[in-house]
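Survey of secondary and tertiary structure
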Amino acid sequence: MAREPTTDEQELPAYPIRAYQLIPDPNQPAVVALAIETDQGHSLFLATREILEDLGKDLLERAAKMPVKARPE
C-alpha cells in the first residue's frame, strides 16, 4: 500500500517518465537507488525491499485500471 505523506500536501509539477533504472549498492544491500529520468533531468530515490514490493503492487494495480493502448507495429 502507498504510504501517506508525512508533510502537508503540495502541488508539484509533473513530468513524463522517459526511463528508469534500479541501481544496487554493494555496500548497502538493504537499499537500492531508483533513478528516474524526465525531460527535466534525473531524480534519485533510495528504497528498501518493502518499499519496492509495495510500489510494484501499487503500479500493477493502477496499470490494470488503465485502458490498453495499442502499440504501433
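The notes below deal with the structure included here. Keep in mind it's a predicted model, so treat the numbers as computed, not measured.

**A word on the pattern of salt bridges**
One pass over the structure, following the stated rule, counts two salt bridges. Across the salt bridge formed by arginine 18 and aspartate 39, the nearest N and O atoms sit 2.9 Å from each other. One end of the pair, arginine 18, is in the segment before strand 1 (19–24); the other, aspartate 39, is in the loop between strand 2 (31–38) and strand 3 (41–48), with 21 residues separating them in the sequence. An identical accessibility class is assigned to arginine 18 and aspartate 39; each is exposed.

**A few points about the pairing of strand 2**
Of all eight residues that make up strand 2, six are buried, and the element is covered over most of its length. Relative to strand 2, strand 1 runs antiparallel, the two sharing six bridges. Bridge pairing links isoleucine 23 to alanine 33 in strand 2. Here strand 1 folds back onto strand 2 in antiparallel fashion, the turn holding six residues. With eight bridges joining them, strand 2 and strand 3 adopt antiparallel strand pairing.

**Points about the layout of surface pockets**
Its volume calculated, the second largest pocket comes out at about 170 Å³. As for the second largest pocket, its lining consists of Leu59, Arg62, Ala63 and Met66. Looking at the lining of the second largest pocket, its residues break down into three nonpolar, no polar and one charged.

**Here's the deal with the sheet that holds strand 3**
The strand order across the open sheet built from three strands is 1-2-3, with neighbouring strands paired in antiparallel fashion. Strand pairing shows two members of the sheet lacking a second neighbour, strand 1 and strand 3, which therefore form its edges. Direction aside, the axes of adjacent strands within the sheet are offset by 20° on average. Here helix 1 (residues 49–65) sits on the sheet in contact with strand 1, strand 2 and strand 3, set at roughly 110° to strand 3.

Rules used throughout
Residues numbered from 1 in each chain as written. Predicted model: local features only at pLDDT ≥ 70, side-chain atom pairs only at ≥ 80, totals over all residues. Heavy atoms only, no water. Salt bridge = Lys/Arg side-chain N within 4 Å of Asp/Glu carboxyl O. Helix = DSSP H or I, 4+ residues; strand = E, 2+ residues; numbered from the N terminus. Buried < 20%, exposed > 50% of the residue type's maximum accessible area, 1.4 Å probe, protein only. Pairing = 2+ DSSP bridges. 1 Å grid on protein atoms, 1.4 Å probe; cavity = no way out; pocket = protein on both sides within 12 Å on 5 of 7 lines; lining within 4 Å. Points joined across faces, edges and corners; volume = space filled by probe spheres on them. Nonpolar A, V, L, I, M, F, W, Y, C, P; charged D, E, K, R; others polar. Axes fitted to C-alpha atoms, helices over the stretch in contact; angles between N-to-C directions. Contact = heavy atoms within 4.5 Å.

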